Amino acid sequence: MYPRSFHYHRAKSLQEAAAMLAQLGDQAKLLAGGQSLIPLMKLRFANPAHLVDLNFIAGTSYIHSEAGVGEGGYSETGVSEGGVLRFGALTRHAEIENSALAATVPILHDCAAGIADVQIRNRGTIGGSLAEADPSGDWACVLSTLSTEVRCLGASSPERVIPLSEFILDAYTSALQPDELVSEVMVKIPVKGSGGAYLAFKRSAPVYPTASAAVQLTMEGDRCTDVAIALGCVGLTAIKAKDAEAALRGQTLNDKALAAAGEAASAAAEPQDDMRGSADYKRALVGALVKRAIAIAARRAHGEQVEVSHIYA
Amino acid sequence: MPETAMPETIEKISVTLKVNGKEYQRLVEPRMLLVEFLREELDLTGTHVGCDTTYCGACTVLMNGASVKSCTTFAVQADGAELLTVEGLAHNGELHPIQKAFGDAYGLQCGYCTPGLLISTYQLLEHNTSPNEKDIRKAIAGNTCRCTGYQNIFKAIQLAADNRKGA
Ligand SMILES: Cc1cc2nc3c(=O)[nH]c(=O)nc-3n(C[C@H](O)[C@H](O)[C@H](O)COP(=O)(O)OP(=O)(O)OC[C@H]3O[C@@H](n4cnc5c(N)ncnc54)[C@H](O)[C@@H]3O)c2cc1C
Ligand code: FES
Ligand code: FES
């Protein structure tokens, strides 16, 4: 299948790419991993007249850690308490999956390693995934449980840093201006005693999940002092399950608390019937995923190494 | 622009790349997909088109050491790259050990999916010399086979890994 014809432009820097967007106008699109855009173009759901290829720009694919302000020294993992992980916009899912640095925040590894399949992870990028704002995209869901900011670079405006919660506005809609692009994604490293887990339920690898749950919580003994819960694929954007969080905050993590959080998560979901399942089914599923993810996150918060992977039907 | 409008003249782009160690240069339309480039321009028809929708992995090739679905990559993006396709596995008329293992373990039936699976196996064994069951499952999760039921593919990959260690 051939997409419609388009003019091809190869940017040499992110600044140049932004300038090209400004010059070429709304018929232009950026090309990152191409794993969302190229399939859409082949089906002719997207028909850009110009593609600006970001893949030949050096230095846009990286994972750096940066010490927290006013914090001393690095821990043995090489990551500083209160520090930040910086991901270049073109960092591939596979690079994050294989990064020891990213794995120090286990929920990031859960996410990267579970997206689609090896080949798609080798191409797809974290910046492209956030910019696409697909309701089923894994990164937006996972990163909304961490303190995440998106650095945006425009041709005509000064660089700005937007919290992820203000970056994704709606399904397939980000806060990017027409001549703006994502240059970097910044994730605050959770405090010691915090643990997270991401579980997605899928029918096979190269499809988006049916539902998913991201949980990041902080434990003091068996009491949960802080928690963030996000639900994926059950709404137009990832859903912050506030009532489910409230059901856990300050509580001892026993069966009763887990059940309450699961129920609240199911209630918060806004799923639709589709080929992946009925709305009722997804509602039940997401509640179950939340309960499981809480249990794993709590074990990790206590320092246990727990390997999880996406669950296949 | 309405879907029916004729596009204006599109500038072709020069692509220079190495496939299986041999250098090629071609002038291509930007919309040409890498798999079409390999098959139509270079006559390397070993890389297959199965689904053409980024699902099946029949079109898998190695690009700069990373497996990609060549139906979901433009040829212009491979400019300057080094590619490995199924044609590059055999050496001097000798099948690659991975190919031999697929034969020995009956890891194929119709063979349509095989070029992609061979490349995915190649990628796996480059990074992991002793893959366990889970590693193998994960490595071929992006390759669909409609014939074998995967059990023999799985055995073939295990055999290829074992042979490699024994060698
Ligand atoms: C079969 C299949 C299964 C998949 N399964 C999953 C899954 O389970 N979970 C999941 O999360 N994803 C999945 N994906 C999507 C995949 O993760 C994509 O890689 C990702 O959504 C988009 O990233 P990309 O780099 O490929 O972006 P592209 O496809 O290159 O671009 C996507 C959009 O974002 C824009 N864009 C790209 N980069 C930037 C930037 N830096 N700044 C501004 N705009 C930009 C582009 O113009 C385009 O509009 C799947 C894809 C396929 C084909
Ligand atoms: S033909 Fe490329 S993934 Fe099926
Ligand atoms: S052997 Fe026929 S599709 Fe795999």
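Engineer: Is there a simple way to explain the sheet that holds strand E7 (residues 160–163) of chain A in this structure?
Structural biologist: Hydrogen bonds between backbone groups are what pair the strands of a sheet, and the pairing can be parallel or antiparallel. All names here are of chain A. Taken together, five strands build an open sheet; the order of strands is E4-E5-E10-E6-E7 and the sheet is antiparallel. A single partner strand is all that each edge strand has here, and the edge strands are strand E4 (63–66) and E7. Adjacent strand axes in the sheet meet at a mean angle of 25° when their direction is disregarded. Where strand E6 (residues 148–154) lies against E7, four bridges are found, and the strand directions are antiparallel. Paired with Cys152 across the strands is Arg160, a residue of E7.

Engineer: Please clarify how the environment of Glu184 of chain A should be interpreted in this entry.
Structural biologist: Take Glu184 of chain A: it is sitting in strand E10 (residues 180–188). Taking the C-alpha atoms as reference points, Glu184 of chain A and Leu153 of chain A, 31 residues apart in sequence, are found 9.1 Å from one another.

Engineer: What exactly am I supposed to notice about the site of ligand 1 here?
Structural biologist: Inspection of the region around ligand 1 gives 32 residues, with Leu30, Gly34, Leu37, Thr125 and Asp138 of chain A positioned closest. With respect to ligand 1, the chains having nearby residues are chains A and B. Contacts to ligand 1 include Thr125 of chain A, whose side-chain N or O atom sits 2.6 Å from an oxygen atom. Listed by contribution, the elements that provide at least two residues to the shell around ligand 1 are strand E2 (28–31), helix H7 (126–132) and E10 of chain A. If you tally residues by element for the shell around ligand 1, the top one is H7 of chain A, at four residues. Each residue belonging to the shell around ligand 1 can be placed in one class, and the counts come to 17 nonpolar, eleven polar and four charged.

Engineer: What's the story with helix H3 (residues 114–127) of chain B in this structure? I'm lost.
Structural biologist: Think of an α-helix as 3.6 residues a turn; residues three or four steps apart then line up on the same face. The terminal C-alpha atoms of H3 of chain B, which comprises 14 residues, lie 20 Å apart, in line with the 20 Å expected from a rise of 1.5 Å per residue. If you check which residues of H3 of chain B are buried, you get Thr114, Pro115, Gly116, Leu117, Leu118, Ile119, Ser120, Thr121, Gln123, Leu124 and Leu125 of chain B.

Engineer: Sorry if this is basic, but what is going on with the pattern of salt bridges here?
Structural biologist: All names here are of chain A. Overall, the coordinates contain 23 salt bridges over all chains when judged by the stated rule. Note that Glu66 and Arg86 form a salt bridge whose closest N and O atoms lie 2.6 Å from each other. In this pair, Glu66 sits in strand E4 while Arg86 sits in strand E5 (residues 84–88), placing the two residues 20 residues apart along the sequence. Assessed through its relative accessible area of 36%, Glu66 is described here as partly exposed.

Engineer: Whenever I open this one, the packing of helix H11 (residues 255–268) of chain A against helix H12 (residues 279–301) of chain A confuses me. Can you help?
Structural biologist: Between two packed helices, what matters for the description is the angle formed by their axes and the separation of those axes. All names here are of chain A. Taken N-terminus to C-terminus, the directions of H11 and H12 make an angle of 140°; their axes are 8 Å apart at the nearest point. The angle between H11 and H12 falls in the class oblique. The hand of the H11/H12 crossing is right-handed. Residues Leu258, Ala259, Ala261, Gly262, Ala265, Ser266 and Ala267 of H11 pack against Arg283, Ala284, Val286, Gly287, Val290, Lys291, Ile294 and Ala295 of H12.

Engineer: Can you help me understand a nonpolar patch on the surface in this one?
Structural biologist: On the surface, Met1, Leu43 and Phe45 of chain A cluster together to form a nonpolar patch covering roughly 320 Å² of accessible area. Checked against the element boundaries, Phe45 of chain A lands in the loop between helix H2 (37–42) and strand E3 (50–53).

Engineer: Just to check I follow, could you spell out the domain arrangement of chain B for this structure?
Structural biologist: A common way to state how big an interface is: give the accessible area lost once the parts meet. All names here are of chain B. Parsing chain B into structural domains produces domain 1 (13–88) and domain 2 (97–166). The distance between the C-alpha centroids of domain 1 and domain 2 comes to 21 Å. Taken together, the contact pairs 18 residues of domain 1 with 14 residues of domain 2. Interface of domain 1 and domain 2: buried area, both sides summed, is about 1,200 Å²; carbon and sulfur atoms make up 58% of it.

Conventions adopted
- Residue indices follow the written sequence of each chain, beginning from 1 at its first position.
- Here chains are named by letter from A upward and ligands by number from 1 upward, in the order in which they appear as written.
- Totals for whole chains, interfaces and linings use every residue, but because this is a predicted model, local features are given only for residues with pLDDT of at least 70 and side-chain atom pairs only at 80 or more, for both listing and counting.
- Computation of side-chain values covers all heavy atoms of the structure but excludes hydrogens and water.
- Only strands that DSSP links by at least two bridges are regarded as paired with each other.
- Where helices and strands are cited, they refer to DSSP runs of H or I of at least four residues and of E of at least two residues respectively, numbered from the N terminus.
- Between N-to-C directions, angles cover 0 to 180 degrees, with each direction set by a line fitted to C-alpha atoms, over the stretch in contact for helices.
- By convention in this text, a residue qualifies as near a molecule or strand provided that one of its non-hydrogen atoms is within 4 Å of it.
- Distance and chemistry together define a polar contact, namely a pair of N or O atoms within 3.5 Å, with one atom able to donate a hydrogen and the other to accept it when in protein, and with adjacent residues in sequence counting only for side-chain atoms on both sides.
- For this classification, Asp, Glu, Lys and Arg are treated as charged, while Ala, Val, Leu, Ile, Met, Phe, Trp, Tyr, Cys and Pro are nonpolar and the rest, including Gly, are polar.
- Each residue after the first adds 1.5 Å to the expected span of a helix.
- Between buried and exposed lies partly exposed: a residue is buried under 20% and exposed over 50% of the maximum accessible area for its type, with that area taken using a 1.4 Å probe on protein chains only.
- Take a side-chain nitrogen of Lys or Arg and a carboxyl oxygen of Asp or Glu: if they are within 4 Å of each other, that pair is a salt bridge.
- Angle categories are assigned with fixed cut-offs, so that under 35 degrees is roughly parallel, over 145 is roughly antiparallel, 65 to 115 is roughly perpendicular, and the rest are oblique.
- Working rule for handedness: look at the near helix, and if it is turned counterclockwise from the far one by less than a right angle, call the crossing left-handed; if clockwise, right-handed.
- Here a residue-residue contact requires only that any non-hydrogen atoms of the pair lie within 4.5 Å.
- Every patch collects residues that have over 30% relative accessible area and no salt bridge, joining them within 9 Å if they carry like charges and within 5 Å if they are nonpolar side chains (Val, Leu, Ile, Met, Phe, Trp, Tyr).
- Values of accessible area rely on a 1.4 Å probe in the Shrake-Rupley scheme; residue burial ignores everything except the protein chains shown.
- Annotation comment: domain bounds sourced from an automatic or database domain assignment.
- Summed over both partners, the accessible area lost on bringing two parts together, with a 1.4 Å probe, is the buried area.

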